[in-house]
Amino acid sequence: ETGVTQTPRHLVMGMTNKKSLKCEQHLGHNAMYWYKQSAKKPLELMFVYNFKEQTENNSVPSRFSPECPNSSHLFLHLHTLQPEDSALYLCASSQVGIGNTIYFGEGSWLTVV
Amino acid sequence: QKEVEQNSGPLSVPEGAIASLNCTYSDRVSQSFFWYRQYSGKSPELIMSIYSNGDKEDGRFTAQLNKASQYVSLLIRDSQPSDSATYLCAVVGSSNTGKLIFGQGTTLQVKP
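The following refers to the structure shown. Please read all numbers here as calculations on a predicted model, not as lab measurements. (Residues numbered from 1 in each chain as written. Chains lettered and ligands numbered in written order. Predicted model: local features only at pLDDT ≥ 70, side-chain atom pairs only at ≥ 80, totals over all residues. Heavy atoms only, no water.)

1. A few points about the state of the cysteines
Cysteine pairs can be covalently joined through their sulfur atoms, and such a bond is termed a disulfide. Here the structure, examined in full by the defined rule, presents 2 disulfides over all chains. Residue Cys-23 of chain A pairs covalently with Cys-91 of chain A via a disulfide, S to S 1.9 Å. On the S-S bond that ties Cys-23 of chain A to Cys-91 of chain A, the torsion sits near -75°, and the link is left-handed. With Cys-23 of chain A in strand β3 (residues 18-25) and Cys-91 of chain A in strand β9 (residues 87-94), this pair connects stretches of sequence that are 68 residues apart. Per residue, the accessibility class of Cys-23 of chain A equals that of Cys-91 of chain A, and both read buried. Here Cys-23 of chain B pairs with Cys-89 of chain B through a disulfide, and the sulfurs are 2.0 Å apart. Disulfide Cys-23 of chain B-Cys-89 of chain B: the torsion about the S-S bond is -75°, which places it as left-handed. One end of the pair, Cys-23 of chain B, is in strand β3 (residues 19-25); the other, Cys-89 of chain B, is in strand β9 (residues 85-92), with 66 residues separating them in the sequence. For Cys-68 of chain A, which is in no disulfide, the shortest distance to another cysteine sulfur is to Cys-91 of chain A and amounts to 9.0 Å. (Disulfide = S-S within 2.5 Å. Helix = DSSP H or I, 4+ residues; strand = E, 2+ residues; numbered from the N terminus. Buried < 20%, exposed > 50% of the residue type's maximum accessible area, 1.4 Å probe, protein only.)

Here's what the structure looks like:
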């Protein structure tokens, strides 16, 4: 238990579906992140939010839409995804400025069919 | 040049041996360095963080940092089969966003 909770843990969706991934952190951190992990590739940073403001978008396609309503919650809205978007999506949080140790959630396994 | 480089392995060591995992990074002003362990199908979990040159020990794990050579390593003493996993090196970049850049990971296999 790292204090970062992700739901759902597994998701199968069609290419025309709309779904959302949810993340909640109970650590009092001020930054939250979405990472993507595909087979045999390094973890790819997708989005960074500091104090609810998006500070980084790593050229992520618009079919991925993040939302951060407050410092404890982060969503990733998914729309018209492609099969190559199938991957493990990891949410993480940290306290920027104090070592910035990042703690990950358990991840959401996404399969696009 | 990749920002954080690791040998993907697999690195195979016998049980009880020392496993040595290496990582180099390209951003000279990086200040924070981390080692994560990731079991197959699981999310990464933090093992060690290191911020200053030299060695930092925690149980069977020792992290070593050499900023002049832009090199960070992880030693695992008395390796156990349960240490078999992928080890990810991560570096905080020079910006203040807290952006953590990961290497591709080294797969460690500890054989009984």
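2. Here's the deal with the pattern of salt bridges
All names here are of chain B. Scanning the entire structure with this criterion turns up 4 salt bridges over all chains. A salt bridge links Glu-57 to Arg-77; the shortest N-O distance between them is 3.4 Å. Here Glu-57, found in strand β6 (residues 54-58), pairs with Arg-77, found in the loop between β8 (71-76) and β9; they are 20 residues apart in sequence, far enough to count as distant. In this structure, Asp-83 and Arg-60 form a salt bridge, with 2.9 Å as the shortest nitrogen-oxygen distance. Taken together, the residues Asp-83 in the loop between β8 and β9 and Arg-60 in the loop between β6 and β7 (61-66) connect sequence positions 23 residues apart. What makes Asp-83 buried here is its relative accessible area of 1%. With a relative accessible area of 27%, Arg-60 lands in the partly exposed category. (Salt bridge = Lys/Arg side-chain N within 4 Å of Asp/Glu carboxyl O.)

3. Side note on unusual backbone geometry
Here the bond from Thr-7 of chain A into Pro-8 of chain A is cis, since omega is -10°, no more than 30 degrees from zero. Going from Gly-9 of chain B to Pro-10 of chain B, the amide bond is cis rather than trans, its omega being 10°. Despite not being glycine, Thr-80 of chain A has its phi angle at roughly 50°, a positive value. Following the sequence through the fold, Thr-80 of chain A ends up in the loop between β8 (73-79) and β9. Given the relative accessible area of 34%, Thr-80 of chain A is considered partly exposed. With a phi close to 45°, Asp-78 of chain B is a non-glycine residue in the positive phi region. Since its relative accessible area comes to 41%, Asp-78 of chain B is described here as partly exposed.

4. Considering the environment of Pro-42 of chain A
Mapped onto the secondary structure, Pro-42 of chain A falls in the loop between β4 (31-37) and β5 (44-50). Once residues lying within four places of it in the same chain are set aside, the contact partners of Pro-42 of chain A are Lys-36 of chain A together with Phe-102, Gly-103 and Gln-104 of chain B. (Contact = heavy atoms within 4.5 Å.)

5. A word on the interface of chain B and chain A
Of the residues lining the interface, 20 residues belong to chain B; the matching set on chain A comes to 23 residues. For the pair chain B and chain A, the number of links is 0 salt bridges. The element best represented in the side of chain B that touches chain A is strand β4 (residues 33-38) of chain B, accounting for 3 residues. Residue classes in the side of chain B that touches chain A are distributed as 9 nonpolar, 9 polar and 2 charged. (Nonpolar A, V, L, I, M, F, W, Y, C, P; charged D, E, K, R; others polar.)

6. A short note on the side chain of Arg-37 of chain B
For Arg-37 of chain B, the position within the fold is in strand β4. Residues in contact with Arg-37 of chain B, not counting those within four places in the same chain, are Ser-43, Pro-44, Glu-45, Ile-47, Phe-61, Asp-83, Ala-85, Thr-86 and Tyr-87 of chain B.

7. A look at the sheet that holds strand β1 (residues 4-7) of chain A
All names here are of chain A. The strand order across the open sheet formed by 4 strands is β1-β3-β8-β7, and the pairing between neighbours is antiparallel. Whereas interior strands pair on both sides, the edge strands pair on one side only; in this sheet they are β1 and β7 (64-70). Within the sheet, the average angular offset between the axes of one strand and its neighbour, ignoring direction, is 15°. Sheet topology places β7 next to β8; 5 bridges connect them, and they run antiparallel. When the sheet's bridge partners are listed, Pro-66 is paired in β8 with Leu-76. (Pairing = 2+ DSSP bridges. Axes fitted to C-alpha atoms, helices over the stretch in contact; angles between N-to-C directions.)

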